[in-house]
Amino acid sequence: MSDRLPGFSTLAVHAGAQPDPTTGARATPIYQTTSFVFNDADHAASLFGLQSFGNIYTRIGNPTNAVLEERVAALEGGTAALAVASGHAAQVVVMQQLLQPGDEFVAARKLYGGSINQFSQSFKSFGWNVVWADPDDIASFERAVTPRTKAIFVESIANPGGSITDIEAISTVARKAGVPLIVDNTLATPYLIKPIDHGADIVVHSLTKFLGGHGNSIGGVIVDAGTFDWSKDGKYPMLSEPRPEYHGIKLHETFGNFAFAIACRVLGLRDLGPALSPFNAFLILTGIETLPLRMQKHCDNAKAIAEFLSGHSAVASVSYAGLASDKYNQLARKYSPKGAGAVFTFSLKGGYDAGVSLVSKLTLFSHLANVGDTRSLVIHPASTTHSQLDDAAKVRSGAGPDVVRLSIGIEDKEDLIADLEQALGA
Ligand SMILES: *Cc1c(COP(=O)(O)O)cnc(C)c1O
C-alpha cells in the first residue's frame, strides 16, 4: 500500500466498502433485516449502554447504511455521517439536537421550497423559530442573531435560482455568534463544493437528488465536521449534559469529534424514527459510484443550455452562476470551479402563461417536482413548489410568476436544446 491519500473518484467507488467477510460479495450486500443477534448477554448490554459499537436494530443502524454513511463522510471530509429516510428527515434530526422549545435559528431566505415550509410551519409547532436572512447581504445574518440563536442554515448552491452562497463569510458570522453553521449541500454535492473546507460544522443532503442521482430513491444524510465545541457554554444540553437513558454519559465528552453524529443516531433516529431502508441505501451507494462522471456532465450540459437560452428571443433573462455575466459568477469561480451545478432558472418574456405553456410543450424534459435526476426536468415554481408563497415572497425566493426552473440531466445536450427550441418557438 502506498501512502497516497485516495482521490475523490476513488473514494466515490470504494470508501466504506469491503468485500463481504462471510460471502466475498464485492458489491455491498443489502442487509434486509430488522435486527441482529447478540453474541451473549454482556454484548447486548454493552451495545445498549453505548459501551461498544455494533448492530442492534435497523431503525438505529444497519450495515448497508453504514457503508453509505462512511462513504459520504469521506467525500465531504467529515468525521462521521448518519443516513436517514429523506433530506427533510435530516433537517429535523439535526435541529432536534440543537434547539430547545423557544430557541431560534437563522436561515437563508433562498431555500428549497419544502425547507421554507418545514422551517416556517412545522418547526413552529416544536417551538423552534426560524429567522430569515438574505444570503446576498451577510450583515443581515449578523442582525438576525439573538441570545436564543442556536444555528445558522444555508444552501451551498441555492434552490431554485442556482445562486452561490458565500459560505466562508457566513461561517465567520456563525463563529462570532458561537453557533454551528449547517450547509445543505444537495445541489452542489461534494464533487463541486466541500462546505467543511469553507467553515461548515454540519452538512446535510437530500440523497434523493444528485448523490443517488437516478430519481429512484428518497434518502438523506447528516455529516458531522467534528469542528464544533458542544460543551463550551451549556447551549447544547443534548450533547453536553448527562443522558439518563445511557447511564448518565455525556455524548460530547464521550464521543468527542463525532458526538454530533452519535447524538443524531442515538437520540434522533432512536426517538423520531426516520430510518433509511437498506434497499434505498444500496441504490444510493450505486449512484454515488458514478457521481464525479455524472456531475461533470450535468454541469457541462447546464452551461451549454444556459448559453442557448441567453440568446433566445422568448427569454427575458437566465440566472445561471456559470455564465460570465451572472451576478454569482465570481462566487461560482471561487467555490465551484468545476461547474455551477445543473439547477437554474430563467424567465420568459410572456410571464406566467408562457411558463405554463412551456412546461406543457416540452417532451424530452419531464414536468415534475424533483431535481438531480439523470433525466432533464422542468417545473414552473410559481404554479407548483412555491405556489404557497405570496407574490412578494415568490420573487424574494427567486420564483416569480415568469420563472421556469430546469434540472439538466446527462442526455446529449443537442437533444435537450432541440426540445427547448421547439417548445419556446411553437
Ligand atoms: C429535495 C431537497 C430537500 C428535501 O429532501 P427530501 O429528500 O425530498 O426530503 C432539501 N434540500 C434541498 C436543497 C432539496 O433539493
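Residues numbered from 1 in each chain as written. Predicted model: local features only at pLDDT ≥ 70, side-chain atom pairs only at ≥ 80, totals over all residues. Heavy atoms only, no water.

- The protein chain is annotated in an unreviewed UniProt entry as O-acetylhomoserine aminocarboxypropyltransferase from Bradyrhizobium iriomotense.
- As stated in UniProt under Cofactor (unreviewed entry), the record for the protein chain gives "pyridoxal 5'-phosphate". (UniProt positions renumbered as here; feature names shortened; annotations may be inferred.)

Structural notes on the sheet that holds strand β8 (residues 202-206)
Strands in a sheet are paired, the pairing made by backbone hydrogen bonds, and the direction either parallel or antiparallel.
In step 1: Read across the open sheet, the seven strands follow the order β1-β9-β8-β7-β4-β2-β3; overall the sheet is mixed. Two strands lie at the open edges of the sheet, namely β1 (80-84) and β3 (129-133), each paired on one side alone. Neighbour-to-neighbour, the strand axes of this sheet turn through a mean angle of 20°, independent of strand direction.
In step 2: By the bridge criterion, five bridges tie strand β2 (residues 104-108) to β3 in an arrangement that is parallel. Counted as the bridge partner of Ala107 is Trp132 from β3.
In step 3: Docked against the sheet, helix α5 (residues 113-125) engages β2, β3 and β4 (149-155), running at close to 150° with respect to β3. (Pairing = 2+ DSSP bridges. Helix = DSSP H or I, 4+ residues; strand = E, 2+ residues; numbered from the N terminus. Axes fitted to C-alpha atoms, helices over the stretch in contact; angles between N-to-C directions. Contact = heavy atoms within 4.5 Å.)

Some details on the domain arrangement of the protein chain
In step 1: As far as domains go, the protein chain holds domain 1 (8-287) and domain 2 (291-425).
In step 2: Between the C-alpha centres of domain 1 and domain 2 there is a distance of 28 Å.
In step 3: If you look at the interface, domain 1 gives 38 residues, while domain 2 gives 39 residues.
In step 4: In total, domain 1 and domain 2 occlude about 3,200 Å² of area from one another, counting both sides; carbon and sulfur atoms represent 61% of this.
In step 5: By the criterion of area lost to domain 2, the three top residues of domain 1 are Pro160, Tyr191 and Phe210, representing 24% of everything that side buries.
In step 6: Put simply, domain 1 and domain 2 have two salt bridges between them.
In step 7: The closest approach of N and O atoms between Lys334 and Glu168, which form a salt bridge, is 2.8 Å.
In step 8: Viewed at the interface, domain 2 and domain 1 are joined by 15 residue pairs in polar contact (both at pLDDT 80 or more).
In step 9: Those elements that provide at least two residues to the side of domain 1 that touches domain 2 are α1 (8-14), α5, β6 (163-164), α7 (167-177) and α8 (189-192).
In step 10: Taken together, the residues of the side of domain 1 that touches domain 2 break down into 16 nonpolar, 16 polar and six charged. (Domains from an automatic or database assignment. Buried area = accessible area lost by both parts, 1.4 Å probe. Salt bridge = Lys/Arg side-chain N within 4 Å of Asp/Glu carboxyl O. Polar contact = N/O pair within 3.5 Å; in protein donor to acceptor, adjacent residues only side chain to side chain. Nonpolar A, V, L, I, M, F, W, Y, C, P; charged D, E, K, R; others polar.)

Some details on the site of the ligand
In step 1: Close contacts around the ligand come from 14 residues, with Gly87, Asp184, Ser206, Thr208 and Lys209 the closest.
In step 2: One of the backbone nitrogen or oxygen atoms of His88 is found 2.9 Å away from an oxygen atom of the ligand.
In step 3: In this structure, Thr208 approaches the ligand through a side-chain N or O atom, which is 2.7 Å from an oxygen atom.
In step 4: Protein contacts shield 93% of the accessible area of the ligand, which totals 380 Å² for the unbound molecule.
In step 5: Here the element with the most residues in the shell around the ligand is helix α4 (residues 87-98); it accounts for three residues.
In step 6: Split into classes, the residues belonging to the shell around the ligand amount to one nonpolar, 10 polar and three charged. (Near = heavy atom within 4 Å. Areas by Shrake-Rupley, 256 points an atom, 1.4 Å probe, with all protein chains shown as cover.)

Quick notes on the packing of α4 against α5
In step 1: Closest axis-to-axis distance for the α4/α5 pair is 11 Å, and the angle between their directions is 40°. Here α4 lies oblique to α5, going by the angle between them. The crossing of α4 and α5 is right-handed. On α5, the residues touching His88, Gln91, Val92 and Met95 of α4 are Gly114, Ser115, Gln118, Phe119 and Phe123.
In step 2: Across the contact of α4 with α5, the residue classes break down as four nonpolar, five polar and no charged. (Parallel < 35°, antiparallel > 145°, perpendicular 65-115°, else oblique. Left-handed = near helix turned anticlockwise from the far one by under 90°.)

Re the packing of helix α3 (residues 63-76) against helix α12 (residues 278-289)
In step 1: Remark: α3 packs on α12, axes separated minimally by 8 Å, with the N-to-C direction vectors making an angle of 35°. Once α3 is placed against α12, the crossing between them reads as left-handed. Mapping the contact onto sequence places Thr64, Asn65, Val67, Leu68, Arg71, Val72 and Leu75 in α3 and Pro278, Ala281, Phe282, Ile284, Leu285, Ile288 and Glu289 in α12.
In step 2: In terms of residue class, the contact of α3 with α12 is made up of 10 nonpolar, two polar and two charged.

A closer look at the pairing of β1
In step 1: In terms of residue burial, β1 counts as a mostly covered element, since five of its five residues are buried.
In step 2: Burial along β1 is two-sided: Ala80, Leu82 and Val84 facing one way and Ala81 and Ala83 facing the other are all buried.
In step 3: When β1 meets strand β9 (residues 220-224), the two strands line up antiparallel, connected through five bridges. Each bridged residue has a counterpart across the sheet, and for Val84 the counterpart in β9 is Gly220. (Buried < 20%, exposed > 50% of the residue type's maximum accessible area, 1.4 Å probe, protein only.)

Considering the pattern of salt bridges
In step 1: With the rule as written, the count across this model stands at 18 salt bridges.
In step 2: Between Lys413 and Glu414 there is a salt bridge, with the nearest N and O atoms lying 3.9 Å from each other.
In step 3: When salt bridges with common partners are traced through the structure, they connect Arg243, Glu245, Arg270 and Asp271 into a single cluster.

A word on the nonpolar core
In step 1: Counting 126 residues, the largest nonpolar core has Ile222 and Leu309 as its most contacted members.
In step 2: Each of two domains, domain 1 (8-287) and domain 2 (291-425), supplies a minimum of three residues to this core.
In step 3: With residues near it in sequence (within four places) discarded, Ile222 still touches Ala80, Ala81, Leu82, Val84, Ala90, Val93, Val94, Ile202, Val203, Val204, Phe260 and Cys264. (Core = buried A, V, L, I, M, F, W, Y, C linked by side-chain atoms within 4.5 Å.)

Things to note about the environment of Leu362
In step 1: Structurally, Leu362 is set in the loop between α15 (351-361) and β14 (366-367).
In step 2: Classification of Leu362 as buried rests on a relative accessible area of 7%.
In step 3: Taking C-alpha positions, Leu362 is 14 Å from Gly409, a pair spaced 47 residues apart along the chain.

A few points about α4
In step 1: When the terminal C-alpha atoms of α4 are compared, their 17 Å separation across 12 residues agrees well with the 16 Å that a helix rising 1.5 Å per residue should span.
In step 2: The element α4 is extensively covered by neighbouring structure, given that 11 of its 12 residues are classed as buried.
In step 3: Within the span of α4, buried status applies to Gly87, Ala89, Ala90, Gln91, Val92, Val93, Val94, Met95, Gln96, Gln97 and Leu98. (Expected span 1.5 Å × (residues − 1).)

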